[in-house]
Amino acid sequence: MKLAGKTAIVTGGGRDIGRAIALKLASEGANVAINYFASSEGAESAVAEIKAAGGNAFALQGDLNGQNGVDALVEKTVTEFGGIDVLVNNTGGLIARKTISEMSLGHWNAVMSLNLTSTFLMVKACLPHLRSGAIVNLASQAGRDGGGPGSIAYATSKGAVMTMTRGLAKELGPDVRVNALCPGMIDTDFHNIHTPDAARKGFEAAAPVKRQGVSDDVANLVLFLACDDSAFITGANVDINGGMLFS
């Protein structure tokens, strides 16, 4: 197993991509700490599935926009499993589509906190316990191309995650590798809520692979970046978009 004896934290692990990542890392032997904010059913069912397969996991509700939620997650992980080897920063979201003219400062700050500040807080809190290993951040294709209509705040925050990833790779190497993923159209609640069906069908027609991505596509790539198979990769922002954007 590629992560036997290792411990991973997966933020936003109660549904969709985060849940798939937690299950994937556990399937390769990792102890998994799952953070969730509202998706308690998905997080607890993931823990049950991991334990039924002989693995170790727990789920903890917490708001990672603030220090208290971050500290509680890190402290419980270290208490339960003795340390941290992999951090997957998956928490994030668009919140709502708003143009600059429609956008309040409160909306801007909320999006930045959810996508960027939470990543900063988690990395900082984990570092004393992450003597070696890997950090995998979830950025977005929007960080490369500016995103769709009304997503400037989201795209900006994800572009900042990409830049943070490069800086962290320099600062934390050689012991800790830091990479990010830039997903495109993945079939999740994010797009169920924010993307019209016509746009999704248009993507499928235009994409070289002729389909939307699924959560397991992303989870497989996270596993690769979290384990020693990617030992010579750090500071990379890896595209996973079915061929719709080449960078």
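Source: prediction; values computed, not measured.

Per the counting criterion, the structure on display carries six salt bridges. The residue aspartate 229 makes a salt bridge to lysine 2 at a minimum N-O spacing of 2.8 Å. Of this pair, aspartate 229 sits in the loop between helix H9 (215–226) and strand S7 (237–240) while lysine 2 sits in the segment before strand S1 (7–10), placing them 227 residues apart in sequence. As a salt-bridge pair, lysine 76 and glutamate 80 come within 3.2 Å of each other at their nearest N and O atoms.

Among the six residues that make up strand S2 (residues 31–36), six are buried, leaving the element largely enclosed by the rest of the structure. The alternating pattern of S2 places Asn31, Ala33 and Asn35 and Val32, Ile34 and Tyr36 on opposite faces, both of which are buried. When S1 meets S2, the two strands line up parallel, connected through four bridges. Looking across to S2, one finds that isoleucine 9 is bridged to alanine 33.

Taking 1.5 Å as the rise per residue, helix H3 (residues 67–81) with 15 residues should run 21 Å; its terminal C-alpha atoms sit 21 Å apart, in good agreement. Check the buried side of H3 and you find it contacts S1, S2, strand S3 (57–61) and helix H4 (105–126). One or two positions beyond H3, positive phi appears at glycine 82, with a value near 90°.

Along the chain, glycine 173 connects to proline 174 via a cis peptide bond; the corresponding omega equals 5°. Secondary-structure assignment places proline 174 in the loop between helix H6 (152–172) and strand S6 (176–183). Non-glycine residue lysine 210 carries a positive phi angle of around 60°. Mapped onto the elements, lysine 210 comes out in the loop between helix H8 (197–206) and H9.

Before going further, it helps to examine the state of the cysteines. Inspection of every chain in the model, using the stated rule, returns zero disulfides. Counting only cysteine sulfurs, cysteine 227 is the nearest neighbor of cysteine 182, a cysteine outside any disulfide, at a range of 19 Å. No disulfide involves cysteine 227; its nearest neighbouring cysteine sulfur is the one of cysteine 126, lying 19 Å away.

Reading the values: rules and limits
Residues numbered from 1 in each chain as written. Predicted model: local features only at pLDDT ≥ 70, side-chain atom pairs only at ≥ 80, totals over all residues. Heavy atoms only, no water. Salt bridge = Lys/Arg side-chain N within 4 Å of Asp/Glu carboxyl O. Helix = DSSP H or I, 4+ residues; strand = E, 2+ residues; numbered from the N terminus. Buried < 20%, exposed > 50% of the residue type's maximum accessible area, 1.4 Å probe, protein only. Pairing = 2+ DSSP bridges. Expected span 1.5 Å × (residues − 1). Contact = heavy atoms within 4.5 Å. Disulfide = S-S within 2.5 Å.

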